[in-house]
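If you want the building blocks of each chain, they are given just below.
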Amino acid sequence: MDQAVIDKLNDILRHEWTGVAQYSQAGFVVTGLMREVYSDMFLDSAKESFGHAKKIGQKISALGGVPTVERNPVKQSTDLVELLEIGLEFESKAVALYTEVLKMVDGKNRPLVILLEDILLEEQEGVDHISLILKDHAGSAVSGKSSSKVG
């Protein structure tokens, strides 16, 4: 596998290491009535990022590269909505990174494509999940107004 692919995989690995720290921190600091829901959600996302990091790191080694131990800066907040927005940004960036490397390896390494597509699907599910949460936050359900009609 060429060095450009290994470099891009290391970009992904760096991003996933960031997710481990960022989501863990969010799970630690979230407070209030929704702590039980969101703390677990963030900590589960940290575990998912670690799982992705493990797969990508192992693949980098199998391809003859050296997996990075570095991560990107961690974005922090104590505001739940901002934590969710940071999560959405993180998941969206992951989708972009996996899409980029898929374009590089498509037609060259089918097992790698399948691995990357499986992870990409999970990342897109993360985008969709957080988007729906934030949509609910901005919508009438949070304000106490109902948008449904009876009758």
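Residues numbered from 1 in each chain as written. Predicted model: local features only at pLDDT ≥ 70, side-chain atom pairs only at ≥ 80, totals over all residues. Heavy atoms only, no water.

**Side note on the overall build of the protein**
Part 1 of the reasoning: What the protein contains, in helices and strands, is five helices and zero strands.
Part 2 of the reasoning: Beginning at the N terminus, the succession of helices and strands in the protein can be written as α-α-α-α-α.
Part 3 of the reasoning: The 151 residues of the protein split such that 39% are buried.
Part 4 of the reasoning: For the protein, the accessible surface area stands at approximately 8700 Å², while carbon and sulfur atoms represent 55% of it. (Helix = DSSP H or I, 4+ residues; strand = E, 2+ residues; numbered from the N terminus. Buried < 20%, exposed > 50% of the residue type's maximum accessible area, 1.4 Å probe, protein only. Areas by Shrake-Rupley, 256 points an atom, 1.4 Å probe, with all protein chains shown as cover.)

**Regarding the environment of Glu-122**
Part 1 of the reasoning: The topology assignment puts Glu-122 in helix α4 (residues 110-138).
Part 2 of the reasoning: The sequence separation of Glu-122 and Glu-91 amounts to 31 residues, and the corresponding C-alpha distance is 9.4 Å.
Part 3 of the reasoning: A polar contact is formed between the side chain of Glu-122 and the side chain of His-52, at a distance of 2.5 Å. (Polar contact = N/O pair within 3.5 Å; in protein donor to acceptor, adjacent residues only side chain to side chain.)

**A short note on the packing of helix α1 (residues 3-29) against helix α3 (residues 80-105)**
Part 1 of the reasoning: Where α1 contacts α3, the two axes come as close as 10 Å, and the packing angle between them is 165 degrees. Judged by the inter-axis angle, α1 sits roughly antiparallel to α3. Of the two elements, α1 crosses α3, and the hand of that crossing is left-handed. (Axes fitted to C-alpha atoms, helices over the stretch in contact; angles between N-to-C directions. Parallel < 35°, antiparallel > 145°, perpendicular 65-115°, else oblique. Left-handed = near helix turned anticlockwise from the far one by under 90°.)

**Looking at the packing of helix α2 (residues 35-62) against α3**
Part 1 of the reasoning: Their axes nearest at 12 Å, the elements α2 and α3 cross at an angle of 20 degrees. Taken together, the axes of α2 and α3 lie roughly parallel to each other. Crossing hand, α2 versus α3: left-handed. From α2, Tyr-38, Met-41, Phe-42, Ser-49, His-52 and Ile-56 reach across to α3, where they touch Leu-80, Leu-83, Leu-84, Phe-90 and Tyr-98. (Contact = heavy atoms within 4.5 Å.)

**Some points on the confidence of the model for the protein**
Part 1 of the reasoning: Residue-level pLDDT values for the protein average 91, and 89% of them are 70 or greater.
Part 2 of the reasoning: Between residues 140-151, whose pLDDT stays under 50, and residues either more than four places distant or in other chains, the model counts six contacts. (pLDDT = per-residue confidence, 0-100.)

**Concerning α3**
Residues that lie three or four places apart on an α-helix share one face, since the helix turns once every 3.6 residues.
Part 1 of the reasoning: Taking 1.5 Å per residue, 26 residues should reach 38 Å; α3 reaches 38 Å between its end C-alpha atoms and fits that length.
Part 2 of the reasoning: Sitting at the head of α3, Asp-79 places a side-chain oxygen 3.3 Å from the backbone nitrogen of Val-81.
Part 3 of the reasoning: Downstream of α3 by a residue or two, Gly-107 has a phi angle that is positive, lying close to 85 degrees. (Expected span 1.5 Å × (residues − 1).)

**Section: the pattern of salt bridges**
Side chains carrying opposite charge are able to pair once their charged atoms draw close together.
Part 1 of the reasoning: Scanning all chains against the criterion turns up five salt bridges.
Part 2 of the reasoning: Taking the shortest distance from any N to any O, the salt bridge between Lys-8 and Asp-11 comes out at 3.8 Å. Note that Lys-8 and Asp-11 are positioned in helix α1 at a spacing of three residues, about one turn of the helix.
Part 3 of the reasoning: Lys-8 is the salt-bridge partner of Glu-100, the closest N and O atoms lying 2.6 Å from each other. With Glu-100 in helix α3 and Lys-8 in helix α1, this pair connects stretches of sequence that are 92 residues apart.
Part 4 of the reasoning: Classification of Lys-8 by relative accessible area gives buried; the value is 16%.
Part 5 of the reasoning: If you follow the salt bridges from partner to partner, you end up with Lys-8, Asp-11, Arg-14, Glu-70 and Glu-100 in one network. (Salt bridge = Lys/Arg side-chain N within 4 Å of Asp/Glu carboxyl O.)

**Digging into the environment of Ile-6**
Part 1 of the reasoning: Considering the arrangement of structural elements, one finds Ile-6 in helix α1.
Part 2 of the reasoning: The sequence separation of Ile-6 and Ile-56 amounts to 50 residues, and the corresponding C-alpha distance is 9.9 Å.

**Focus: the nonpolar core**
Part 1 of the reasoning: Membership of the largest hydrophobic core comes to 23 residues, with the highest contact counts inside it found for Leu-9, Ile-12, Ile-56, Tyr-98, Leu-112 and Leu-116.
Part 2 of the reasoning: Breaking this core down by element, the ones donating at least two residues are α1, α2, α3 and α4.
Part 3 of the reasoning: With near-sequence residues (within four places) excluded, Tyr-98 lies in contact with Ile-12, Glu-16, His-52, Ile-56, Leu-116, Ile-119, Leu-120 and Glu-123. (Core = buried A, V, L, I, M, F, W, Y, C linked by side-chain atoms within 4.5 Å.)

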